[in-house]
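# Tertiary structure, described
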Amino acid sequence: MSEPGPLAPLDFLDIDHSLSDEERDIRATVRAFVADRVVPNAGDWFDEARIPRELPRELGKLGVYGMHLEGYGCAGTSATAYGLACMELEAGDSGVRSMVSVQGSLAMYAIWRWGSEEQKTRWLPAMAAGETLGCFGLTEPDAGSDPGAMRTRARRDGDGWIIDGRKMWITNGSIADVAVVWAATDEGVRGFLVPAGTPGFTAPEIRKKMSLRASVTSELVLDGVRVPADAVLPGVSSLRGPLSCLNEARYGIVWGAAGAARACFEAALAYSKERTAFGRPIAGTQIQQQKLAAMALEVNRATLTALHLGRLKDAGRLRPEQISMGKLGNVNAALEVARTARQVLGANGISLEYPVIRHMNNLESVVTYEGTADVHALVIGGALTGIQAFR
Ligand code: TGC
Ligand code: FAD
């Protein structure tokens, strides 16, 4: 047996070994896009609270929207490959991964899973290509963790529907061409496809965010919005509709959080080797090595968790409660890594010249959206004990 080479600091446990050639190729393509397009610019986008107009379409060309869905212009890759793409995108910026999650896992998945054949044919190919952008309106000003308390209502009106209500904190809201709006009806919770420009529908942007700044977040205002009968998703009339989409997006976040953590660790490792204090690199001190080891441990653990859940999903065995464990654990781990990395960078740790504070602030949204840490702890607690603690 030949002598083993040095351990790879960014893949200490040799997790790459468990990936197929195709998975590694897909990851390399997304990683190259992120290195070229996102990493050099994300600090400015965050600073200026904007995303470039052409980015949504570039991501479509990259092929990451709904990439693990079958048919209708989607790539039909494995869930693991989709997860690896999310990891690379979020290593660039959580806002970029969020754009892909909302488009592919929420808006497209809702249509793919619950839509009619006509709706799928009309919307999905253009959405996969990034020519049409979607958003997903579930949260309301007074109903976030508890979407069953939603006040947005749709009522039948002749051969169509009238929708009234408000949605809050909606990613891509004011730049979307179509909104998937979930509303209470006499028949249960139903999903509606509301094209931008429909009379009575507006999407004012939410400003003054200190997190996810390279991402558009909006309110959706629906005042007597009339949509035709074929705007309703026919396949579901219960909260199971939106919650099934959340499973998909949360799965992507399990991977994405591992990517953000890796980016912070990488920045801290490089900085610690360059930065000298008291005549030597700070990386040579015991206390910084202890931090680096703790960060490496969390990054590897988070990546292994994501890969394990990916393999379960590809085998058709992944359960929502297991996704909750992945989302809770990996986002908390990423936050811990980001906060530690920020300290390793000293004053530079608060500068957007480095990626760490941006990831740290972004992760404050990631720990809240797609189910807060508390919600996921309660989902796990419910599965462990058989006793639901929400109400
Ligand atoms: P509950 O009474 O338990 O269930 C209602 C119906 O839903 C079904 N169900 C699920 N179906 C699929 N997947 C799941 N994970 C499901 N959980 C429940 C259930 O079987 C039932 O179906 P049916 O047909 O019998 O009616 O629901 P609950 O009201 O007690 O709520 C449970 C809880 C708290 C876990 C759920 O409401 C929840 O997850 N709350 C958090 C809300 C949330 O995460 N919102 C995210 C909004 S989207 C977003 O944040 C995008 S961020 C941008 C980005 O992703 O990057
Ligand atoms: P609340 O539900 O009011 O929670 C407040 C606090 O109470 C939290 O700490 C929570 O954990 C805790 N809590 C709630 N219930 C319980 C309980 N039973 N027991 C103990 N503690 C509890 N939503 C969409 O629909 N689409 C989007 O595209 C979207 N994008 C977003 C983008 C960003 C940047 C952000 C920040 C949010 C986005 N959201 C989106 C909304 C997000 O999903 C909600 O913010 C989230 O679900 C939490 O809801 P809330 O903010 O109303 O908090």
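Residues numbered from 1 in each chain as written. Chains lettered and ligands numbered in written order. Predicted model: local features only at pLDDT ≥ 70, side-chain atom pairs only at ≥ 80, totals over all residues. Heavy atoms only, no water.

### Things to note about the site of ligand 1
Neighbouring ligand 1 are 25 residues; Ser98, Ser145, Arg250, Glu370 and Gly371 lie closest to it. One nitrogen or oxygen atom from the side chain of glutamate 370 is found 2.8 Å from an oxygen atom belonging to ligand 1. Within the complex, 72% of the 1100 Å² of free accessible area of ligand 1 lies under protein. Looking at the shell around ligand 1, the elements with two or more residues in it are helix H5 (94-114) and helix H7 (240-274). Considering every element that reaches the shell around ligand 1, the biggest residue donor is H7, with six residues. (Near = heavy atom within 4 Å. Polar contact = N/O pair within 3.5 Å; in protein donor to acceptor, adjacent residues only side chain to side chain. Areas by Shrake-Rupley, 256 points an atom, 1.4 Å probe, with all protein chains shown as cover. Helix = DSSP H or I, 4+ residues; strand = E, 2+ residues; numbered from the N terminus.)

### Some thoughts on the domain arrangement of the protein
A common measure of how large an interface is: the accessible area buried when the components associate. Entries for the protein in the domain assignment read domain 1 (15-128), domain 2 (134-237) and domain 3 (241-385). Spacing between the C-alpha centres of domain 2 and domain 3 amounts to 30 Å. Contact with domain 2, which involves 10 residues of that partner, is made by 11 residues of domain 3. Between domain 2 and domain 3 the total buried area reaches about 800 Å² when both faces are included, carbon and sulfur atoms providing 71% of it. The tally of links from domain 2 across to domain 3 stands at zero salt bridges. Connecting domain 2 to domain 3 are four residue pairs in polar contact (both at pLDDT 80 or more). When grouped by side-chain class, the residues that make up the side of domain 2 that touches domain 3 number seven nonpolar, two polar and one charged. (Domains from an automatic or database assignment. Contact = heavy atoms within 4.5 Å. Buried area = accessible area lost by both parts, 1.4 Å probe. Salt bridge = Lys/Arg side-chain N within 4 Å of Asp/Glu carboxyl O. Nonpolar A, V, L, I, M, F, W, Y, C, P; charged D, E, K, R; others polar.)

### A few points about the nonpolar core
Ranked by internal contacts, the top residues of the largest apolar core, which has 68 residues, are Leu59 and Trp182. It is H5 that provides the largest number of residues to this core, a total of 11 residues. (Core = buried A, V, L, I, M, F, W, Y, C linked by side-chain atoms within 4.5 Å. Buried < 20%, exposed > 50% of the residue type's maximum accessible area, 1.4 Å probe, protein only.)

### A word on the site of ligand 2
The immediate surroundings of ligand 2 are formed by 16 residues, with Thr139, Ser145, Trp169, Thr372 and Asp374 found nearest. Take threonine 139: an N or O atom from its side chain is 2.7 Å from a nitrogen atom of ligand 2. Take tryptophan 169: an N or O atom from its main chain is 2.7 Å from a nitrogen atom of ligand 2. If one sorts the elements of the shell around ligand 2 by residue count, strand S3 (residues 160-171) sits on top with three residues.

### Structural notes on unusual backbone geometry
Most peptide bonds take the trans configuration, and most residues that are not glycine carry a negative phi. We note that asparagine 172 has phi near 70 degrees; this positive angle belongs to a residue other than glycine. Here asparagine 172 is to be found in the loop between S3 and strand S4 (178-185). In this model, leucine 212 sits at a positive phi of 50 degrees, which is unusual for a non-glycine residue. Structurally, the position occupied by leucine 212 is in the loop between strand S6 (201-202) and strand S7 (217-228).

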